[in-house]
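The residues making up each chain are set out below.
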Amino acid sequence: MAHLEAQREIPYNLFKAKTPLWGEVLETYRLTPPERPEENDVRHVVLSSTGLSYLPGQSVGIVPDGYDPRTGKPHKLRLYSVASDSKGDYGDYKTVSVVVVRHFWNDELGGQNRVPGVCSKFLCDCEVGEKVRITGPVGKRFLLPTDYQQRDLIFVATGTGIAPFRGMLKQMFEEGYEGQVFLIFGVQHSDTVLYDDEFKTYLKYPNYHYATALSREAAKNPFPDIVPTRQNKIYVQVRVWELRDELRASLAKPDTVIFQCGLKGMETGVMNVIDKIGLDLGIDNLSKELQTDGRMILEVY
Ligand code: NAP
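Residues numbered from 1 in each chain as written. Predicted model: local features only at pLDDT ≥ 70, side-chain atom pairs only at ≥ 80, totals over all residues. Heavy atoms only, no water.

1. Observations regarding the packing of helix 5 (residues 244-251) against helix 6 (residues 266-280)
Convention followed: Fitted lines through C-alpha atoms give the axes, limited to the stretch in contact for helices. The angle between two N-to-C directions lies from 0 to 180 degrees. Runs of H or I in DSSP of at least four residues are treated as helices and runs of E of at least two as strands, each being numbered from the N terminus. Put simply, angles under 35 degrees are roughly parallel, angles over 145 are roughly antiparallel, angles from 65 to 115 are roughly perpendicular, and the rest are oblique. Contact definition: two residues touch when any of their heavy atoms are within 4.5 Å.
Where helix 5 contacts helix 6, the axes come no closer than 10 Å and their chain directions differ by 70 degrees. With respect to their mutual orientation, helix 5 and helix 6 come out roughly perpendicular. Judged by residue contacts, Arg244, Leu247, Arg248 and Leu251 of helix 5 engage Ile274, Ile277 and Asp280 from helix 6.

See below:
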């Protein structure tokens, strides 16, 4: 991994929890149709952040207002991947954007179901003009290689795990990227594909390849024996297999990097299918080899 980080200054922890940056909500809007249930309530939030520099792939901390009723202490910060490029959505280096899904959890000890997640509720309910405490940035691993320009890159995302790839793609195409890039993105429905219009605008570049995996539409996994998925759903690993010929050509190159961001569950499925593609290249355990070489970079929860 060290070679990916050569000669770059990575902004780090410029604002800490005790001395956070006070940002203001400049814009907040839902990325998914309002008729979809709360579990599909995903928002794009633009915060003013003058003085905070960051790279796509890094995360910022958000400190929700209020106190934790269990400890009586102020809420702790939660990390969100930055969803903008370094310039920010307004291009003036004065904003940072995040993408947030309204999260619910079951409190088995307290016997309460569908408890709203503290920070996702705070951020999803924030209105324009409200002040929000921001910390960071943090993260030195999930970054574009400094010499990414001619490398092939494979981005695999599920749900809000799309955040880092939005900023990376914007930066890459603005900087005249010359490699082959694959964006393989899994969500539940055709109308919940986050930033779909934006990702389609890059289709004008012949070196950009975009595929979505819609897990709750009618189509079923056509390769259940080769790429098994829960209830034969179309998951990102199915699309990886469908694109195997193009991906094999990229994976045959010694400097291609795969990034995975999103649900922990995708990791094994994607690794298995990469290993299958590797066998055609005469490589046993290609996913392990890529990891050892720092060319399989994961941010999964
Ligand atoms: P989600 O809507 O629950 O899932 C996204 C897609 O992944 C759905 O189509 C889902 O299918 C599918 N999926 C489920 N299990 C899978 C598996 N084993 N293999 C492949 N695909 C699978 O996602 P979300 O609620 O947005 O959550 C995204 C995750 O990304 C969270 O864990 C979050 O912590 C993490 N993350 C977020 C950020 C951020 O900045 N917000 C950054 C990095 C990572 P089904 O639901 O139909 O099974």
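Having put the structure on the table, let's press on.
2. Notes on the sheet that holds strand 13 (residues 296-300)
Definition in use: When DSSP finds two or more bridges between a pair of strands, those strands are recorded as paired.
Judged by pairing direction, the sheet is parallel, and its 5 strands sit side by side in the order 11-10-9-12-13 without closing on themselves. One side of each edge strand has no neighbouring strand; the edge strands of this open sheet are strand 11 (208-214) and strand 13. Across the sheet, the mean angle from the axis of one strand to that of its neighbour is 10 degrees, orientation sign disregarded. Inspection of the sheet shows strand 9 (residues 153-158) paired to strand 10 (residues 181-187) by 6 bridges, in the parallel sense. In the sheet register, leucine 153 faces strand 10, and the bridge partner there is valine 181. Contacts between helix 2 (residues 163-174) and the sheet are confined to strand 9, strand 10, strand 11 and strand 12 (257-262), with strand 9 contributing the most and set at about 150 degrees to the helix. Set on the sheet, helix 5 makes contact with strand 9, strand 10 and strand 12; between it and strand 10 the angle comes to about 130 degrees.

3. A short note on the packing of aromatic side chains
Using the following cut-off: Within 6.5 Å between ring centres, the rings of Phe, Tyr and Trp (the latter by its six-membered ring) count as paired, and their orientation is classed by plane angle as stacked under 30 degrees, edge-to-face over 60, tilted in between. For the exposure calls, accessible area comes from a 1.4 Å probe over protein chains only, and a residue counts as buried if that area is under 20% of its type's maximum, exposed if over 50%, partly exposed in between. When the NZ atom of lysine or the CZ atom of arginine is within 6 Å of a ring's centre and also within 35 degrees of its normal, the charge is said to sit over that ring.
One pass over the structure, following the stated rule, counts 15 aromatic pairs. Ring plane angle 75 degrees and centroid distance 5.6 Å describe the contact between phenylalanine 155 and phenylalanine 259, whose orientation is recorded as edge-to-face. One end of the pair, phenylalanine 155, is in strand 9; the other, phenylalanine 259, is in strand 12, with 104 residues separating them in the sequence. Taking relative accessible area as the criterion, phenylalanine 259 reaches 0% and is therefore assigned buried. The interplanar angle of 75 degrees and the centroid separation of 6.2 Å between the aromatic rings of tyrosine 195 and phenylalanine 199 together place this pair among those described as edge-to-face. Phenylalanine 199 matches tyrosine 195 in its accessibility class, with the two residues each being buried. Over the aromatic face of phenylalanine 104 sits the side chain of arginine 114, whose NZ or CZ is 4.2 Å from the ring centroid.

4. Remarks on the nonpolar core
How we decide: Buried residues of nine kinds, namely Ala, Val, Leu, Ile, Met, Phe, Trp, Tyr and Cys, make up a nonpolar core once their side-chain atoms join them within 4.5 Å.
With 34 residues, the main nonpolar core has Leu153, Phe155, Phe165, Leu169, Met172 and Phe199 as its most contacted residues. Where this core is concerned, the elements lending two or more residues are strand 9, helix 2, strand 10, strand 11 and strand 12. In terms of residues, this core owes the most to one element, helix 2, which gives 6 residues. Sequence-distant contacts of leucine 169, defined by excluding residues within four places in its chain, comprise Phe155, Val181, Leu183, Phe199, Tyr202 and Tyr208. If you look at the next biggest cluster of nonpolar residues, it comprises 29 residues, including Ile154, Val240, Trp241 and Ile274.

5. Section: the site of the ligand
Convention followed: A cutoff of 4 Å decides nearness: a residue is near a molecule or strand if any of its heavy atoms lies inside that distance of it. Under this definition, polar contacts are N or O atom pairs within 3.5 Å; protein pairs additionally need one hydrogen-donor-capable and one acceptor-capable atom, and for neighbouring residues in sequence, both atoms have to be side-chain atoms. Residue exposure ignores everything except the shown protein chains as possible cover, and the areas themselves are Shrake-Rupley values with a 1.4 Å probe. Each residue receives one of three labels: charged for Asp, Glu, Lys and Arg, nonpolar for Ala, Val, Leu, Ile, Met, Phe, Trp, Tyr, Cys and Pro, and polar for the others, Gly being one of them. Boundaries of every domain are those given by an automatic assignment or by a domain database.
Inspection of the region around the ligand gives 24 residues, with Thr160, Ser215, Arg216, Lys233 and Tyr235 positioned closest. Tyrosine 235 is positioned such that a nitrogen or oxygen atom in its side chain is 2.6 Å from an oxygen atom of the ligand. Contact with the protein chains hides 82% of the accessible area of the ligand, taken as 930 Å² for the molecule alone. Within the residue set of the shell around the ligand, elements represented by two or more residues are strand 4 (78-81), strand 5 (95-101), strand 10 and strand 12. A class-by-class count of the residues in the shell around the ligand yields 10 nonpolar, 11 polar and 3 charged. Two domains each put at least three residues into the shell around the ligand: domain 1 (2-138) and domain 2 (148-300).

6. As for the side chain of threonine 256
Examined against the element boundaries, threonine 256 turns out to sit in the loop between helix 5 and strand 12. With a relative accessible area of 0%, threonine 256 lands in the buried category. Contact partners of threonine 256, with chain neighbours within four places excluded, come to Asp152, Ile154, Ser250, Leu290 and Arg295.

7. Remarks on the environment of asparagine 106
Within the element layout of this structure, asparagine 106 appears in strand 6 (residues 104-107). Separated by 10 residues in the primary sequence, asparagine 106 and proline 116 have C-alpha atoms spaced 9.0 Å apart. In contact with asparagine 106, not counting residues within four places along its chain, are Gln112, Asn113 and Arg114. Within the structure, asparagine 106 has its side chain in polar contact with the backbone nitrogen of arginine 114 (distance 3.0 Å).

8. Digging into the state of the cysteines
A covalent bond between the sulfur atoms of two cysteines is what we call a disulfide. What counts here: Pairs of cysteine sulfur atoms within 2.5 Å are what we label disulfides.
Per the stated rule, a full pass over the model turns up 0 disulfides. Of all cysteine sulfurs in the structure, the one in cysteine 119 sits closest to cysteine 126, which takes part in no disulfide; the separation is 8.7 Å.

9. Here we look at the pattern of salt bridges
Formally: For salt bridges, the criterion is a side-chain nitrogen of Lys or Arg within 4 Å of an Asp or Glu carboxyl oxygen.
The final tally for this structure, using the stated rule, is 25 salt bridges. One salt bridge connects lysine 264 with glutamate 267, and the closest N-O pair in it is separated by 2.8 Å. On the basis of relative accessibility, which here comes to 16%, the residue glutamate 267 falls in the buried class. The network of salt bridges with common partners includes Arg30, Asp41, Arg43, Arg102, Lys121 and Asp125.

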